[in-house]
Amino acid sequence: MAIEDYTFAISINPNASDASYNRGLAYYNKGQYDKAIEDYTSAIVINPNYAKAYYNRGLAYGRKGQYNIEIEDYNKAIAINPNYADAYYNRGAAYFDKGQHDMAIDNYTKAIAINPNYADAYYNRGLAYYNKALYDRAIEDYTSAIVLDPNAADAIYNRGLSYQQKGNMGRAIPDYRKACDLGFKIACEGLQKALKKK
């Protein structure tokens, strides 16, 4: 449905929280984050236990760089639905964006506990470990992401970076090569640099 259709539905029934929520999604997808936030807020006023509305409002605040408000909305979504893996994952991403890597790791770990097949959570937790110079832990998480998604070029490339940080070019170069073969351009640059150092 288009924004106009949701607007019409809201005009007929202003208490239709789903119509406000769905119009919020439509605005979000168009990059109109303030309008999305307004609609998610309307949905929450109508239904204070609307975990998805809190979650998506958090995403919109994140797009605006308002990480503290974003985290508050994820907290509310998790309070309503303690098994909301995506809320933990995105709360982890918000903490990562704030440079709070330990908090990011905790949230990614919770998302993985709820959904052990969450490749992006493993990947992002790997990034947080990498930023803490915990390269072995980063390699473990990148490897888990790659097992779940063998074409995850970003995970393959970043695993190569971690191997390089450990001085293991013999493991870094194949990862750079594979990520490059998958079309990850920065990996091609990394491969060329690594081959020159070899």
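The present account deals with the structure reproduced in this document. Computed from a prediction, not measured in an experiment: that's the story for all the values here.

### Description of the overall build of the protein chain
Alright, step 1. Along the protein chain, the regular secondary structure elements total 12 helices and zero strands.
Alright, step 2. Each helix and strand of the protein chain, ordered N terminal to C terminal, gives the series α-α-α-α-α-α-α-α-α-α-α-α.
Alright, step 3. Summarising its shape, the C-alpha atoms of the protein chain cover approximately 70 × 30 × 25 Å along the three principal directions.
Alright, step 4. Residues counted as buried form 47% of the 198 residues belonging to the protein chain.

### Side note on the nonpolar core
Alright, step 1. If you look at the biggest cluster of nonpolar residues, it comprises 62 residues, and the most contacted ones within it are Tyr55, Ala77 and Tyr176.
Alright, step 2. When sequence neighbours within four positions are dropped, the list of residues in contact with tyrosine 55 reads Tyr74, Ala77, Tyr84, Asp86, Ala87 and Asn90.

### Quick word on the state of the cysteines
Alright, step 1. This structure, assessed with the given rule, holds one disulfide.
Alright, step 2. There is a disulfide in this structure between cysteine 180 and cysteine 188, and the S-S distance comes to 2.0 Å. Residues cysteine 180 and cysteine 188 are joined through a disulfide that is right-handed, its torsion about the S-S bond being 100°.

### A closer look at the environment of glutamate 4
Alright, step 1. Mapped onto the elements of the fold, glutamate 4 is located in helix α1 (residues 3-12).
Alright, step 2. In this structure the C-alpha to C-alpha distance between glutamate 4 and arginine 23, which are 19 residues apart in sequence, comes to 8.6 Å.

### Some points on the environment of asparagine 68
Alright, step 1. Within the secondary structure layout, asparagine 68 lies in helix α5 (residues 67-80).
Alright, step 2. Between the alpha carbons of asparagine 68 and asparagine 90 there is a distance of 12 Å; along the sequence they are 22 residues apart.

### Digging into the pattern of salt bridges
Alright, step 1. Per the stated rule, a full pass over the model turns up seven salt bridges.
Alright, step 2. With a shortest N-O distance of 2.5 Å, aspartate 34 and lysine 64 are connected by a salt bridge. Residue aspartate 34 is found in helix α3 (residues 33-46), and its partner lysine 64 is found in the loop between α4 (51-63) and α5; the two are separated by 30 residues along the sequence.
Alright, step 3. Note on lysine 64: relative accessible area 35%, which makes it partly exposed.
Alright, step 4. The salt bridge involving arginine 57 is made with aspartate 73; its shortest N-O contact spans 2.7 Å. Placement of arginine 57 in helix α4 and of aspartate 73 in helix α5 is noted, with a sequence separation of 16 residues between them.
Alright, step 5. Under the relative-accessibility criterion, aspartate 73 is labelled buried at 1%.

Analysis parameters
- Residues numbered from 1 in each chain as written.
- Predicted model: local features only at pLDDT ≥ 70, side-chain atom pairs only at ≥ 80, totals over all residues.
- Heavy atoms only, no water.
- Helix = DSSP H or I, 4+ residues; strand = E, 2+ residues; numbered from the N terminus.
- Buried < 20%, exposed > 50% of the residue type's maximum accessible area, 1.4 Å probe, protein only.
- Core = buried A, V, L, I, M, F, W, Y, C linked by side-chain atoms within 4.5 Å.
- Contact = heavy atoms within 4.5 Å.
- Disulfide = S-S within 2.5 Å.
- Salt bridge = Lys/Arg side-chain N within 4 Å of Asp/Glu carboxyl O.

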